Amino acid sequence: MQLGKAVRSASKWGDWAFGSVSMAFNFTVAIDQYDYELGDWASVSGLNVTWQTTEYFSGDTWNHPLLLPGVPKYQKIKLSRAACPDSQVVQQWLTETSLRNEPLSGAVALVNSFGVQTVTWELREFFPAAWGIGEFNAGQGKVALETLELVHTGFLDDDFSPGDLDSQLPGF
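This structure is a prediction, so every number in the text was calculated from the model and none was measured. Starting from 1, residues in each chain are numbered consecutively following that chain's sequence as written. For a predicted model such as this one, the threshold for reporting local features is a pLDDT of at least 70, and the threshold for listing and counting side-chain atom pairs is 80 or more; totals across whole chains, interfaces and linings nevertheless cover every residue. Hydrogens are left out, water is left out, and the side-chain values use all remaining heavy atoms of the structure.

Trainee: An account of the packing of aromatic side chains is needed here, citing residue identities and associated values.
Mentor: Two aromatic rings, taken as a pair, are described by how far apart their centres are and by the angle between their planes. Aromatic rings from Phe, Tyr and Trp, taking only the six-membered ring of Trp, are treated as a pair when their centres fall within 6.5 Å; an angle between ring planes under 30 degrees marks them as stacked, one over 60 as edge-to-face, and anything in between as tilted. Going through the model one piece at a time under the given rule, you end up with 2 aromatic pairs. Considering the side-chain rings of Y74 and F155, the 5.1 Å spacing of their centres and the 70 degrees angle between planes classify their relative orientation as edge-to-face. Taken as a pair, Y74 in strand β7 (residues 72-74) and F155 in the loop between β11 (145-151) and α3 (165-168) lie far apart in primary sequence, 81 residues in all. Burial status follows relative accessibility: with a 1.4 Å probe on protein chains alone, a residue under 20% of its type maximum counts as buried, one over 50% as exposed, and anything between as partly exposed. Residue classification places F155 among the buried residues on the basis of a relative accessible area of 17%. Between W93 and F126, the ring centres sit 6.1 Å apart and the planes meet at 55 degrees, which makes this aromatic pair tilted. Linking W93 in helix α2 (residues 86-99) with F126 in strand β10 (residues 117-133), this pair joins segments that are 33 residues apart in sequence. Only DSSP runs of H or I covering at least 4 residues are called helices, and only runs of E covering at least 2 are called strands; the numbering of each starts at the N terminus.

Structure follows, in structure tokens:
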């Protein structure tokens, strides 16, 4: 998935100087409804997946368990940035999502200092779980931080029907 305005081509100098190292500059979030480009974010956490393993013991190999991976479990993704004009777009998207509760698909992309996407995680069936903005206090002179949490069903390309396992696995 290409992420709109954040995509620019890298210069040859940038490729030579940095190679394929992905230094974090910012993260861009886009959803499949192009009316709502959620913009650039300074911090992203929760791009994690875990598998709870299961041990299976058969009768003839009692001292050698078979370990099987469980169903993947994805964490909530937490985005944060300074409040900005894109925060209004997020508010419009939250309003629309509250009215029509439909999971969407989209992507989070790591964008380097040249504006080039270096890694992209395509999210399936995500929707907002929480939104907030930090305390407003003019006396402290701090930046107002916006946070958005997303729940999703995954970013790995591992969708398959259990009855169709042979056609989904390589080599079968």
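Continuing now.
Trainee: Describe the pattern of salt bridges, with residues and values.
Mentor: One speaks of a salt bridge when a side-chain nitrogen belonging to Lys or Arg is within 4 Å of a carboxyl oxygen belonging to Asp or Glu. A complete count under the given rule lists 2 salt bridges for this structure. Notably, a salt bridge pairs E146 with R81, separated by 3.0 Å at the nearest N-O pair. Of the two residues, E146 sits in strand β11 while R81 sits in strand β8 (residues 77-82), which places them 65 residues apart along the sequence. Just as E146 is buried, R81 falls in that class too.

Trainee: Can you explain the pairing of strand β9 (residues 104-111)? Please cite residues and give values.
Mentor: Within β9, 7 of the 8 residues are buried, which leaves it mostly tucked inside the rest of the structure. Strands were regarded as paired on the criterion that DSSP finds at least two bridges between them. By the bridge criterion, 6 bridges tie strand β1 (residues 26-31) to β9 in an arrangement that is antiparallel. From the neighbouring strand, T28 faces β9, where its bridge partner is A109. As paired elements, β9 and β10 share 7 bridges and run antiparallel to each other. Across the sheet, the residue bridging to L110 is V119, located in β10.

Trainee: Residue-level account of the nonpolar core, with values.
Mentor: Grouped burial of nonpolar side chains is what soluble globular proteins tend to show. In plain words, nonpolar cores are sets of buried Ala, Val, Leu, Ile, Met, Phe, Trp, Tyr and Cys residues tied together by side-chain atoms within 4.5 Å. Core analysis: the largest hydrophobic core is formed by 22 residues, its most contacted members being L38, L79, W93, L148 and L150. Elements supplying a minimum of two residues to this core: β1, β2 (37-41), β8, α2, β9, β10 and β11. With 4 residues, α2 is the largest single contributor of residues to this core. Apart from the residues lying within four places of it in its own chain, the contact partners of L148 are L38, W41, I77, K78, L79, V90, W93, L94, P128, A130 and W131. Should any heavy atoms of two residues lie within 4.5 Å, those residues are considered in contact.

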